[in-house]
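Examining the three-dimensional arrangement
If you want the building blocks of each chain, they are given just below.
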Amino acid sequence: MLCYNWNFSRGSFNILNPAAASFPIQSIINSKKNPIKLIPKQEIIRSSYSSSTANSSTRSKTAMEAVPNPQKPTFEFLTKKPYVPPSWASHLNPIPSHVFSLSHFPTPIHKWNLPNLPKGTEVYLKRDDLSGMQLSGNKVRKLEFLLADAVAHGADCIITIGGIQSNHCRATAVAAKYLNLDCYLILRTSKVLVDKDPGLTGNLLVERLVGAHIDLVSKEEYAKVGSVALTDVLKAKLLNEGRKPYVIPVGGSNSLGTWGYIEAVREIEEQLQDVKDEVVFDDIVVACGSGGTIAGLSVGSWLSDLKAKVHAYCVCDDPEYFYEYAQGLLDGLHAGVSSRDIVTIQNAKGLGYAMNTTEELKFVQEIAEASGVVLDPVYSGKAAFGMIRNMAENPKNWEGRRVLFIHTGGLLGLFDKTQELAPLVGNWRRMDIHESIPRKEGTGKMF
Ligand SMILES: *Cc1c(COP(=O)(O)O)cnc(C)c1O
């Protein structure tokens, strides 16, 4: 048995000095401008936690293990380490034995200068869009546990499934390659496109660059056969070829993947401990698409000292479906709690999954222009849109509250919307250079 002492990276909690730009989110709200307070930049303090023992027989051949050295910082990225849950989650069952370090944690938290908020409401952003692994967003948190399990099972390839622009599939394809595993993706597209080259837009470009094998299915086939049976078919085929496939369900949302956001709660707690003045989040707001993120966040927030109310905005199916789905994930961990008691789910689907109204896209553009933060059109954009609308409709419910919005990533999905975004974006012009302007020597002369 080896003893490990893991040096965790810095807990940064920067409260940005918000430049109060003129903020045009009039497509949703029409209230008075809210003065924005300046908050001093807080000190960055190192945080660490340690774990106990590891069985050397569980080491994988593809995985590099971190060499424990309490004096020097370890090369922790891409290492597998024994997992020890936060004390408040230690009664959950089963507890993963290992976790793979695939991302850059902790992701920053900073103040988000949204305008027109209800009186005294402050919104902060947790930048899980900056989690690393080629813009993997929230999915990499789940993959840290799922891929550790795949490696423990001796897998040589990963199978997963999702929509044609699935961020989860792209994150899985990239992470699998980092671990020297093959990746097989089943992607859902429209009937008219299912026999055609899917192209290289957004997530597809990255998936195809890293050499993921792509099987296309139509929406109709997906609805008729179901994601589990579809992955079973591919699994049987690969087993038959002598491969050792490991199947990750839609969105990585099973009970094991749920640990990703239980860990995120520990991360948030540690970041809060690192700030000088006491900061408490009353609410957490997040998008929901397959349910794993909200299950982890809500059970974590409930069990830990965070005790923030979790508000989910679902972008497909309906709230009823997700209360049930999250319940299954919680039951799978023997959490002994009802999903309805720890999370509130509202519908933000709009026209349908991965479909946008002009109003939603305009909102994404306005937020980008005003705050520099680019939301994705499928998840975080719809969740923020739902949150701001809810705040405008029921300001009393939000007054004086401190809200943490989790930016779950998805930037590459925006490339699938360039046509719809074209009329909404900034202008351009041919630069006007008068013939009489003399050239200055000493600067780059390309031709
Ligand atoms: C998958 C995804 C979500 C939703 O997370 P789930 O755990 O699937 O509910 C939110 N935002 C982005 C960008 C995603 O890719």
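In case you missed it, the structure is sitting above this.
Description of the structure in this document. All of these numbers come straight from a predicted model, not from anything done at the bench.

Turning our attention to the overall build of the protein. Of regular secondary structure, the protein possesses 13 helices and 15 strands. Residue burial in the protein is summarised as follows: out of 447 residues, 42% are buried. Contacts in the protein between residues far apart in sequence, at least 24 positions, make up 78% of those at least 6 positions apart.

Before going further, it helps to examine the site of the ligand. Residues in close proximity to the ligand total 20 residues, the closest being N167, S290, Y379, T408 and G410. Here the shell around the ligand is built from residues that sort into three nonpolar, 15 polar and two charged. Residues lining the shell around the ligand come from more than one domain, with at least three contributed by each of domain 1 (2-21 + 32-136 + 256-420) and domain 2 (139-252).

Between its first and last C-alpha, helix 7 (residues 292-303) extends 17 Å over twelve residues, near the 16 Å set by a 1.5 Å rise per residue. In terms of burial, helix 7 is largely enclosed, as twelve of its twelve residues are buried. Every buried residue of helix 7 is listed here: G292, T293, I294, A295, G296, L297, S298, V299, G300, S301, W302 and L303.

Let us look at the sheet that holds strand 9 (residues 182-189). Strand order in the open sheet formed by four strands is 10-9-8-11, and the pairing between neighbours is parallel. Of all the strands in the sheet, just strand 10 (213-218) and strand 11 (245-247) have a single pairing partner and so form its edges. Across the sheet, the axes of successive neighbouring strands diverge by a mean angle of 25°, strand direction being ignored. Two strands pair when backbone bridges link them, and strand 8 (residues 157-163) and strand 9 are joined in this way by seven bridges, in the parallel orientation. Residue G163 lies in a different strand from strand 9, and its bridge partner there is R188. Along the sheet face, helix 5 (residues 227-240) touches strand 8, strand 9, strand 10 and strand 11 and points at about 150° away from the line of strand 8.

Looking now at the packing of helix 1 (residues 139-152) against helix 6 (residues 255-273). The contact between helix 1 and helix 6 brings their axes to 7 Å, and the two run at 135°. As summarised for this structure, helix 1 and helix 6 are arranged oblique, according to the angle between their axes. You can see that helix 1 and helix 6 cross each other, and the crossing is right-handed. Contact with helix 1, carried on its side by R141, K142, E144, F145, L146 and D149, involves L256, G257, W259, G260, Y261, E263 and A264 of helix 6 and no other residues of that element. Among the residues forming the contact of helix 1 with helix 6, the class breakdown is six nonpolar, two polar and five charged.

Turning our eyes to something else, we now look at unusual backbone geometry. Residues N93 and P94 are joined by a peptide bond in cis, for which omega reads 5°. Turning to its location among the elements, P94 is positioned in the loop between strand 4 (79-82) and strand 5 (98-100). Cis geometry is adopted by the peptide bond preceding P106, which originates at F105 and carries an omega value of 0°. Although it is not a glycine, L135 adopts a positive phi angle of roughly 60°. When you line up the elements, L135 lands in the loop between strand 7 (122-127) and helix 1. Accessibility expressed as a C-beta count within 10 Å gives 22 for L135, which makes it buried.

This part takes up the environment of C169. Along the chain, C169 falls in helix 2 (residues 167-178). The spacing of C169 and G251 is 82 residues in sequence and 7.8 Å in space, taken between C-alpha atoms. Apart from residues no more than four positions distant in its own chain, C169 is found in contact with T160, G162, L185, L187, N203 and E207.

Turning our eyes to something else, we now look at the sheet that holds strand 12 (residues 283-288). Read across the sheet, six strands follow the order 6-7-15-12-13-14 without closing on themselves; strand pairing throughout is mixed. This sheet does not close on itself; its edge strands, each paired only once, are strand 6 (109-111) and strand 14 (343-347). This sheet shows a mean twist of 25° between the axes of neighbouring strands, independent of strand direction. Bridging between strand 12 and strand 13 (residues 309-314) involves six bridges; their strand directions are parallel. By the bridge assignment, D283 is partnered in strand 13 with K309. Its contacts with the sheet place helix 8 (residues 319-332) against strand 12, strand 13 and strand 14, and it is angled at close to 150° to strand 14.

Here we come to helix 10 (residues 358-371). Spanning 14 residues, helix 10 covers 20 Å between terminal C-alpha atoms, matching the ideal 20 Å at 1.5 Å per step. All of the buried residues along helix 10 are E360, L361, K362, F363, V364, Q365 and I367. Here the buried face of helix 10 lies against helix 11 (380-393) and helix 13 (418-421). Following helix 10 by one or two positions, G372 adopts a phi angle in the positive range, close to 80°.

Before going further, it helps to examine the pairing of strand 12. The buried count for strand 12 comes to six of six residues, which makes it a mostly enclosed element. Every second residue of strand 12 is oriented toward a common face, with D283, V285 and A287 on one face and I284, V286 and C288 on the other, all of them buried. Crossover connection from strand 12 via helix 7 to parallel strand 13: handedness right-handed. As paired elements, strand 12 and strand 15 (residues 402-407) share three bridges and run parallel to each other. Residue pairing across strands places D283 opposite V403, the latter belonging to strand 15.

Cut-offs applied
- Residues numbered from 1 in each chain as written.
- Predicted model: local features only at pLDDT ≥ 70, side-chain atom pairs only at ≥ 80, totals over all residues.
- Helix = DSSP H or I, 4+ residues; strand = E, 2+ residues; numbered from the N terminus.
- Buried ≥ 20, exposed ≤ 12 C-beta atoms within 10 Å, placed from the backbone.
- Contact = placed C-beta atoms within 7 Å.
- Near = placed C-beta within 6 Å.
- Nonpolar A, V, L, I, M, F, W, Y, C, P; charged D, E, K, R; others polar.
- Domains from an automatic or database assignment.
- Expected span 1.5 Å × (residues − 1).
- Pairing = 2+ DSSP bridges.
- Axes fitted to C-alpha atoms, helices over the stretch in contact; angles between N-to-C directions.
- Parallel < 35°, antiparallel > 145°, perpendicular 65-115°, else oblique.
- Left-handed = near helix turned anticlockwise from the far one by under 90°.
- Right-handed = clockwise from strand over helix to strand, strands pointing away.

All we've got here are geometric facts, nothing functional implied.
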